[in-house]
Amino acid sequence: MCSSDLRGLNSKSFCLMVLCVVSLVLSGCFGGFLAPLNLEIPDQRILAGEALHLNLKQFVDCKESDDLVFRIVSGVGIICEDVYSYLPALDESGLYEVQISVNDSKDRESSCVFEIMVDPIYCDITLNASPLEGGVISGGGIFQYGDMDTVQATPSQGYSFTGWYEGNDCLASTTTFTFFVERDATLVACFFEEKYHVIREVNGNGSIEISPDKETYSFGEKIVLTAHPSYGWKFSEWVVDGNRFTDESIVVVVDGDKSVCASFEREEFALNISISGNGSVSCSPASSGCVYEYETLVEIMSIPSAGWEFEMWQGDLDGLDNPGKIIMDSEKHVTAVFVKREYLVEVTADPPAGGVVEGGGCYFSGSEVEIVAVPNSGYRFKEWSENGATFSREN
């Protein structure tokens, strides 16, 4: 239609034409043209093991259609009844990219890509020792779920390891324990203090004093050992676990079960012998210097010199027994008493009527005796004889 034709139309016809045009335009915009779908899902952040659920319809900005169909183009998760779900494993972590598309029955379609950040679960493994001085422990700390942790217990000297415990539960009886970390946990390494015995032994006669005197001792405890010899004995040496010591009192550090032995030996006492008169003595058993061990039985034999005889013992040994016997339980002093032997000199006249003899009697050995023969009238002295043998013709 040209402009001249338009000018020929009346105003009523023109208005009708404009309305038609407007009607055609509106029909094209709202009746024949469909708005596009637009799917926009924001990035998500969750913990491992935490479920993610998204109602996907809320992320579509054109909701005229009720027949939206969602599907996962790529990535993790599932869709069920317009709900996207993803449940990462407890040991799963990282950044995951997911693409989801949507379409409807009017062939409208949209898709979007969003990211899911899965943060790992961290577990705190706390270690304690009971008692604190019982040992050294290592291996605890912060771990990601599913990691392996190895804990180690090293007992202190004098302690033994009993086990790894969580509460009242024994997890392991070995000093090294490896496990999967699945949660926060407090593990206790339990130790017990060793107790040691001191075994005493005595050689000889004596006793051992231990201070402090107890049934058992702890590692590193100091004890004082003192040897007390019985009468007549003297201390010789200590033997402690094969080591020898000569001091009567020593200090020993307990580092395990101990074997201590105190050895005692007999005292030695002098046998002092003196002589009164002329003679000698012999001792059995013989001993250099007449020194004897405690409780030795000694026989002492007196040996008189010629012309002498043993009379008795004096001092720590008395009596007339020869040999005499004495027990050496202390220093002894013994005197052997010898006296000169006495002899009877008996003089007779032969024949008795021949005269008178003088000078007879008892004399000590070695004494000079003068005997005199006085013949009677009609007789003369002939000789002195003994047992029929002449021994002198002098008078």
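Residues numbered from 1 in each chain as written. Predicted model: local features only at pLDDT ≥ 70, side-chain atom pairs only at ≥ 80, totals over all residues. Heavy atoms only, no water.

Q: Go over the sheet that holds strand β5 (residues 83-86) with me, naming the residues and quoting the values.
A: Here we have three strands laid out as an open sheet, ordered β2-β5-β4, and antiparallel in their pairing. Single-partner strands in this sheet number two, and they are β2 (52-55) and β4 (78-80). Each strand of the sheet is rotated relative to its neighbour by a mean of 25°, with strand direction disregarded. In terms of strand pairing, β2 meets β5 through four bridges, oriented antiparallel. Within β5, the position partnered with N55 by the bridge is V83. (Pairing = 2+ DSSP bridges. Helix = DSSP H or I, 4+ residues; strand = E, 2+ residues; numbered from the N terminus. Axes fitted to C-alpha atoms, helices over the stretch in contact; angles between N-to-C directions.)

Q: Residues and numbers for the packing of aromatic side chains, please.
A: By the definition in use, this model includes twelve aromatic pairs. The interplanar angle of 65° and the centroid separation of 5.7 Å between the aromatic rings of F161 and F191 together place this pair among those described as edge-to-face. One end of the pair, F161, is in strand β12 (residues 159-166); the other, F191, is in strand β15 (residues 185-193), and 30 residues separate them in sequence. Each member of the pair, F161 together with F191, is buried. Note on F235 and F264: the rings are 6.0 Å apart at their centroids and 75° apart in plane angle, and the pair reads as edge-to-face. A residue pair is termed long-range when its members are at least 10 positions apart, and F235 in strand β19 (residues 233-240) and F264 in strand β22 (residues 258-266) qualify at 29 residues. (Phe/Tyr/Trp six-rings, centres within 6.5 Å; stacked < 30°, edge-to-face > 60°. Buried < 20%, exposed > 50% of the residue type's maximum accessible area, 1.4 Å probe, protein only.)

Q: Before we move on, can you summarise the nonpolar core with the specific residues and values?
A: Among the nonpolar cores identified, the biggest contains 34 residues, and I223, L225, W238, L271, V298 and I300 are the most heavily contacted of them. For this core, the leading source of residues is β19, giving four residues. In this structure, I41, F59, F70 and F114 belong to the second largest nonpolar core, which totals 23 residues. (Core = buried A, V, L, I, M, F, W, Y, C linked by side-chain atoms within 4.5 Å.)

Q: Kindly report on the sheet that holds strand β13 (residues 169-172), identifying the contributing residues and their values.
A: The pairing of strands in a sheet comes from backbone hydrogen bonds and takes either a parallel or an antiparallel form. In space, the five strands of this open sheet follow the order β10-β8-β15-β12-β13, with mixed pairing throughout. Of all strands in the sheet, those bounded by a partner on one side alone are β10 (141-144) and β13. The average undirected angle you get between the axes of adjacent strands in this sheet is 35°. Direction of pairing for β12 relative to β13: antiparallel, over a ladder of three bridges. From the neighbouring strand, Y165 faces β13, where its bridge partner is C170.

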